[in-house]
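Secondary and tertiary structure notes
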Amino acid sequence: MCSRIGQRFIYRQISWKEKRRPAEMVVREIPANTYVLFTFNGPFANAGAVHAYLYSTWLKDSEYELAGLYNIEIYDERSHGPESDDSITDICFPVRKRS
């Protein structure tokens, strides 16, 4: 389930048993793709360092390029809030082999 806020999207997984969704939310299907997964510790503000590493190092050293689809940030039971030093967050970036 996805809610658009400006140019950002908020997602939550739903089960097929759920029959109703909030009226302000829309369903978006995320296409199957290859993703590179980065995990970081600490406050959500640390996500900037992940993005910096992706662009400055990982993409240059890999045989992949960004695929231009949705980035996925995973906030699960390891997340203890946006400012917690104990949080663990995954960010998945869609990639494809360079042509």
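Scoring rules and cut-offs
- Residues numbered from 1 in each chain as written.
- Predicted model: local features only at pLDDT ≥ 70, side-chain atom pairs only at ≥ 80, totals over all residues.
- Heavy atoms only, no water.
- Helix = DSSP H or I, 4+ residues; strand = E, 2+ residues; numbered from the N terminus.
- Buried < 20%, exposed > 50% of the residue type's maximum accessible area, 1.4 Å probe, protein only.
- Contact = heavy atoms within 4.5 Å.
- Phe/Tyr/Trp six-rings, centres within 6.5 Å; stacked < 30°, edge-to-face > 60°.
- Expected span 1.5 Å × (residues − 1).
- Bend = angle between axes of the 7 residues up to and from the residue.
- Core = buried A, V, L, I, M, F, W, Y, C linked by side-chain atoms within 4.5 Å.

The next point concerns the overall build of the protein chain. If you tally the helices and strands in the protein chain, you get one helix and six strands. N-terminal to C-terminal, the α/β element order of the protein chain is β-β-β-α-β-β-β. Residue burial in the protein chain is summarised as follows: out of 99 residues, 25% are buried. Considering only contacts within the protein chain whose residues lie at least 6 apart along the sequence, 61% involve residues at least 24 apart.

This part covers the packing of aromatic side chains. Counted under the stated rule, the structure contains five aromatic pairs. With a centroid separation of 5.8 Å and an interplanar angle of 80 degrees, the aromatic rings of F38 and Y53 are classed as edge-to-face. You can see F38 sitting in strand β3 (residues 34-41) and its partner Y53 sitting in helix α1 (residues 47-61), a full 15 residues away along the chain. What makes F38 buried here is its relative accessible area of 12%. Owing to a relative accessible area of 39%, Y53 belongs among the partly exposed residues under this scheme. Taking the centre distance of 6.2 Å and the plane angle of 85 degrees together, the rings of F38 and W58 count as edge-to-face. Taken together, the residues F38 in strand β3 and W58 in helix α1 connect sequence positions 20 residues apart. Among the aromatic residues, those joined into a cluster by ring pairs are F38, Y53, W58, Y64 and F93.

What follows covers α1. Compared with the 21 Å implied by 1.5 Å per residue over 15 residues, the 20 Å span of α1 between its first and last C-alpha is a close match. L54 marks the point of greatest bend in α1, at about 45 degrees. Of all the positions in α1, only A47, V50, L54, W58 and L59 are classed as buried. In the core, the buried residues of α1 are packed alongside β3, β4 (64-66) and β6 (88-97).

Counting eleven residues, the largest nonpolar core consists of V36, F38, F40, A47, V50, L54, W58, L59, I91, F93 and V95. Only β3, α1 and β6 provide two or more residues apiece to this core. In terms of residue count, the dominant contributor to this core is α1 (five residues).

This part is about the environment of Y64. Structurally, Y64 is set in strand β4. Here Y64 falls in the partly exposed class, since its relative accessible area comes to 24%. Placed 30 residues apart in sequence, Y64 and P94 show a C-alpha to C-alpha distance of 9.7 Å. If we skip the residues at most four places from it in the chain, Y64 touches W58, L59, V95, R96, K97 and R98.

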